[in-house]
Amino acid sequence: MRQIFPVTADGGPIGPIGPVGPVGPGGPGLAEIARLYAYPGLAERPGRPWVRANMVASADGAATAQGRSGGLSGEADRELFSVLRSLADVIVAGAGTARAEKYRPVTAKEAWAGLREGRPPTPPIAVVTGSLDLDPDGPLLTEAPPHARTIVLTTAAAPADRRAAAARHADVVVAGHGLLSPEAIIGALAERGHQRILIEGGPHLLGQIAAAGLLDELCLSLSPLLAGGRAGRILATGPAGGGDIAESQAGLSLAHVLEDSGFLLCRYVRREAS
């Protein structure tokens, strides 16, 4: 893995990250990757968390291959995936993404202990679902550790029996009475003390967050693959998504680009946020 933008003085490769999990401090590249993706100081933003999204797309712009984003991934993308999860306070996904990608709670073997100092060993998963169409006895809810119980964000309109079933194993948070708004989602997580929020999809949830002006940063991995077909994009707006994105909120600044085996790992920061 090497940094190709901005050009560094030495121009050399970033060292290996090393084995993931609590078995050691990681390789020499872990500290450099963690520095490049460190969350900004939040003291000047009291009460407002930093919202980061991590997505992958093919070279022709597809968000999935064979129906899953994992079909576009590679070793470098997977390493960054675990670093970003380790840096986050909470990981957010829509219920559709959680089902399609077969989400489970983050385990200690999947997080770098050195990036969790002063925090629980793993971050919780927060699932966004208005209808509460989740398996209440599935591993995402039942296998979460006590320090990182899965959070289910829903509304008062969700069926009461489903809320009760989910609450047996997860923390059910009712955020509003009708549709789940982006402001309610981010606000509910901030109230629970989560200031470093990582969104992993899907495109409709990300579109809603971006259209509301709440997305501060986009980490986009470009895969050297052609997907073709009718796969959607990483962000959906319009009737099924979050509506149009205001021109004042659409601009992004390129913070850096890393390259590894043809993958381009791009970090963008919204100009207004930066």
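In what follows, the structure referred to is the one given above.
Right, let's walk through the structure included here.

Reading guide: rules and limits
Residues numbered from 1 in each chain as written. Predicted model: local features only at pLDDT ≥ 70, side-chain atom pairs only at ≥ 80, totals over all residues. Heavy atoms only, no water. Helix = DSSP H or I, 4+ residues; strand = E, 2+ residues; numbered from the N terminus. Rg over C-alpha atoms; globule rule 2.2 N^0.38 Å. Buried < 20%, exposed > 50% of the residue type's maximum accessible area, 1.4 Å probe, protein only. Areas by Shrake-Rupley, 256 points an atom, 1.4 Å probe, with all protein chains shown as cover. Phe/Tyr/Trp six-rings, centres within 6.5 Å; stacked < 30°, edge-to-face > 60°. Lys NZ or Arg CZ within 6 Å of the ring centre and 35° of its normal. Contact = heavy atoms within 4.5 Å. Pairing = 2+ DSSP bridges. Axes fitted to C-alpha atoms, helices over the stretch in contact; angles between N-to-C directions. Expected span 1.5 Å × (residues − 1). Salt bridge = Lys/Arg side-chain N within 4 Å of Asp/Glu carboxyl O. Lys, Arg positive; Asp, Glu negative; His and termini not counted. Polar contact = N/O pair within 3.5 Å; in protein donor to acceptor, adjacent residues only side chain to side chain.

### A look at the overall build of the protein
Next up, step 1: Regarding its fold elements, the protein presents eight helices and 10 strands.
Next up, step 2: Since a compact globule built from 274 residues should have a radius of gyration of about 19 Å, the 18 Å found for the protein is in line with a globular shape.
Next up, step 3: Along the first, second and third principal axes, the C-alpha atoms of the protein reach 60 × 45 × 40 Å.
Next up, step 4: For the protein, buried positions account for 47% of its 274 residues.
Next up, step 5: Here the protein displays about 12700 Å² of accessible surface, and carbon together with sulfur accounts for 55% of that area.

### Comments concerning the packing of aromatic side chains
Next up, step 1: Counted by the stated rule, this structure contains zero aromatic pairs.
Next up, step 2: Above the plane of the ring of Y39 lies R52, whose end atom (NZ or CZ) is 4.1 Å from the centre.

### Topic: unusual backbone geometry
Next up, step 1: Across the junction of F5 and P6, the peptide omega takes the value -15°, indicating a cis bond.
Next up, step 2: Mapped onto the elements, P6 comes out in the loop between strand 1 (2–5) and helix 1 (28–36).
Next up, step 3: Between G201 and the following residue, G202, the backbone shows a cis peptide bond with an omega angle of 5°.
Next up, step 4: The residue G202 is located in the loop between strand 7 (196–199) and helix 7 (203–211) in this model.
Next up, step 5: The residue K102 is not glycine, and still its phi comes out positive at about 55°.
Next up, step 6: Position of K102 among the secondary structure elements: in the loop between helix 3 (95–100) and strand 4 (125–128).
Next up, step 7: You will see that L132, though not glycine, has its phi angle at about 60°, which is positive.
Next up, step 8: Structurally, L132 can be placed in the loop between strand 4 and helix 4 (139–142).

### Remarks on the environment of I125
Next up, step 1: Structurally, I125 can be placed in strand 4.
Next up, step 2: For the pair I125 and Q66, spaced 59 residues apart in sequence, the C-alpha separation works out to 24 Å.
Next up, step 3: Excluding anything up to four places from it in sequence, I125 contacts R85, I91, Y103, R104, P105, V106, L140, T150 and I151.

### A few points about the sheet that holds strand 1
Next up, step 1: If you walk across this open sheet you meet the 10 strands as 1-9-10-8-2-7-3-4-5-6, and the pairing is mixed. At either margin of the open sheet sits one strand with a lone partner, and together these are strand 1 and strand 6 (171–174). Along the sheet, successive strands turn relative to each other by an average axial angle of 25°, direction set aside.
Next up, step 2: Summarising the sheet, strand 2 (residues 50–58) and strand 7 pair through four bridges and their orientation is parallel. Looking at strand 7, one finds that V51 is bridged to I197.

### Here's the deal with the side chain of H194
Next up, step 1: Relative to the helices and strands, H194 is located in the loop between helix 6 (182–191) and strand 7.
Next up, step 2: Contact partners of H194, with chain neighbours within four places excluded, come to P49, D89, V90, P124, I151 and L189.

### Details of helix 7
Next up, step 1: Within helix 7, burial applies to L205, L206, G207, I209, A210 and A211.
Next up, step 2: Phi turns positive, to about 75°, at G213, one or two residues after helix 7.

### Focus on helix 2 (residues 75–87)
Next up, step 1: Look at helix 2: 19 Å from first C-alpha to last across 13 residues, which is about the 18 Å you get at 1.5 Å a residue.
Next up, step 2: Looking only at helix 2, the buried set comprises A76, D77, L80, S82, V83, L84, R85, S86 and L87.

### Some remarks on the pattern of salt bridges
Next up, step 1: Summed over the entire model, instances satisfying the criterion amount to 14 salt bridges.
Next up, step 2: Across the salt bridge formed by E200 and R85, the nearest N and O atoms sit 2.9 Å from each other. In this pair, E200 is assigned in the loop between strand 7 and helix 7 and R85 in helix 2, connecting sequence segments 115 residues apart. R85 matches E200 in its accessibility class, with the two residues each being buried.
Next up, step 3: Here R168 and D137 are joined by a salt bridge, their closest N and O atoms 2.8 Å apart. With a gap of 31 residues between them, R168 in the loop between helix 5 (160–166) and strand 6 and D137 in the loop between strand 4 and helix 4 connect regions that are remote in the sequence.
Next up, step 4: A relative accessible area of 47% means that R168 is categorised as partly exposed.
Next up, step 5: Classification of D137 as partly exposed rests on a relative accessible area of 49%.
Next up, step 6: Overlapping salt bridges bring together R48, D216 and R270 as one network.

### Notes on the side chain of R116
Next up, step 1: By the secondary structure assignment, R116 is in the loop between helix 3 and strand 4.
Next up, step 2: The charged side chain of R116 is buried without a salt bridge, its nearest counter-charge being D89 at 5.2 Å.
Next up, step 3: Here P120 takes part through its backbone oxygen, which lies 3.0 Å from a polar atom of the side chain of R116.
Next up, step 4: Each residue touching R116, except ones within four places of it in the same chain, is listed here: R85, S86, L87, A88, P121, T122 and P123.

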